[in-house]
Amino acid sequence: MKTRLEEDARLRMQRLTAGSSSDISEEVRDELNFWEEQFHLGDADRAERLALQRLTKSDMRQSIVKDLQDGAFLESRLPPITQEAARGWYERHKEELRIPARHRVHHIFLSRHVPNKPDRSAEIRSIHAELQRGTAFGALAAKRSEDARSKVLGGDLGWISAGRMPEDFMTQVEKLPVGKAGAPVETKLGWHLLLVTERRASRLPSFDEVSEEITALLDFEQRTRFKP
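Computed from a predicted model, the values in this text were never measured in an experiment.

Calculation criteria
Residues numbered from 1 in each chain as written. Predicted model: local features only at pLDDT ≥ 70, side-chain atom pairs only at ≥ 80, totals over all residues. Heavy atoms only, no water. Patch = residues over 30% accessible without salt bridge, like charges linked within 9 Å, V, L, I, M, F, W, Y side chains within 5 Å. Areas by Shrake-Rupley, 256 points an atom, 1.4 Å probe, with all protein chains shown as cover. Salt bridge = Lys/Arg side-chain N within 4 Å of Asp/Glu carboxyl O. Lys, Arg positive; Asp, Glu negative; His and termini not counted. Charge placed at Lys NZ, Arg CZ, Asp CG, Glu CD. Helix = DSSP H or I, 4+ residues; strand = E, 2+ residues; numbered from the N terminus. Buried < 20%, exposed > 50% of the residue type's maximum accessible area, 1.4 Å probe, protein only. Polar contact = N/O pair within 3.5 Å; in protein donor to acceptor, adjacent residues only side chain to side chain. Contact = heavy atoms within 4.5 Å.

Student: I tried to follow a negative patch on the surface on my own but got confused; where do I start?
Tutor: Taken together, the side chains of Glu26, Glu27, Asp30 and Glu31 make up a negatively charged region of the molecular surface. Within the secondary structure layout, Glu26 lies in helix H2 (residues 25-37). On the accessibility criterion, Glu26 (52% relative accessible area) is exposed.

Student: For this particular structure, what's the right way to read the side chain of Arg120?
Tutor: Positionally, Arg120 belongs in the loop between strand E1 (102-111) and helix H6 (121-132). Looking at Arg120, the relative accessible area reads 2%, which means it is buried. A distance of 3.1 Å separates a polar side-chain atom of Arg120 from the backbone oxygen of Ser111. For Arg120, the side chain forms a polar contact with the side chain of Glu123, separated by 3.0 Å. Non-local contacts of Arg120, meaning those with residues more than four positions away in its chain, are made with Leu110, Ser111, Val114, Glu146 and Trp191.

Student: What is the right way to look at the environment of Ile214 in this model?
Tutor: Assignment of secondary structure puts Ile214 in helix H10 (residues 207-225). A residue is classified by how much of its surface remains accessible, and Ile214, at 3% relative accessible area, is buried. Considered as a pair, Ile214 and Ala86 are 128 residues apart in the sequence and their alpha carbons are 6.0 Å apart.

Student: Even after reading the chapter, I still don't get the side chain of Glu130, so can you show me in this structure?
Tutor: Mapped onto the fold, Glu130 is located in helix H6. Judged by its relative accessible area of 16%, Glu130 falls in the buried class. In contact with Glu130, other than residues within four places in its own chain, are Thr135, Leu140 and Arg144.

Student: Hey, could you run me through unusual backbone geometry in this one?
Tutor: Leaving glycine out, the prevailing phi sign among residues is negative, and the prevailing peptide bond configuration is trans. Positive phi is not limited to glycine here, since Arg54 has a value of about 55 degrees. Along the chain, Arg54 turns up in the loop between helix H3 (43-52) and helix H4 (57-77). Owing to a relative accessible area of 78%, Arg54 belongs among the exposed residues under this scheme. One non-glycine residue, Asn116, lies in positive phi territory at about 70 degrees. Here Asn116 is to be found in the loop between E1 and H6. Looking at Asn116, the relative accessible area reads 80%, which means it is exposed.

This is the structure:
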């Protein structure tokens with residue numbers, strides 16, 4: 001297997017043989033400025049670093065020039081990713097792009113990790129009774145929930161989906177109808193009252209929605225496997 005240095009040398013030889021002469025003056029200036037700005041202590045700091053590497057500023061500039069010329073040469077040899085190629089990838093892999101069902105969930109939470117409170121089922125049933133008497137879910141969440149992040153939002157967890165939340169929690173969420181708070185449930189985390197306010201079914205994104213991401217992926221894969 002060739003080393004990176006051997007591959008770089010081969011690419012450079014091919015560029016020189018081909019006589020590539022892309023105008024990269026602006027890129028060279030930008031890269032040199034970027035390199036210089038890394039040395040916050042100024043010229044003395046830069047000079048010390050160059051001395052340690054046994055280089056001069058001119059050597060550094062030439063290295064930047066060669067790297068940018070090699071990059072420009074490689075760019076010129078890579079074929080563009082066509083829409084046909086991107087669409088073909090989409091057709092072969094579209095199930096991998098499926099957007100899972102999402103649920104907008106509010107909850108009221110009691111932790112199972114409170115000292116001296118191993119079973120809080122009576123507490124969660126008491127909160128549920130308040131809901132049934134007409135107290136607003138958001139008001140109860142703000143007052144009684146132990147999820148510090150969501151309680152200030154009326155218990156709102158935002159949009160969630162399977163794979164990003166504990167399985168036993170999502171099992172309960174997926175059972176609930178939209179707009180009606182469920183009965184108390186227990187998970188490995190603790191005790192919950194759940195309210196699903198919106199739900200969006202799983203769907204496949206259209207090609208137009210994901211074409212840019214697919215093109216970028218195919219371009220990256222092409223550059224990764226390219227052998228000069």
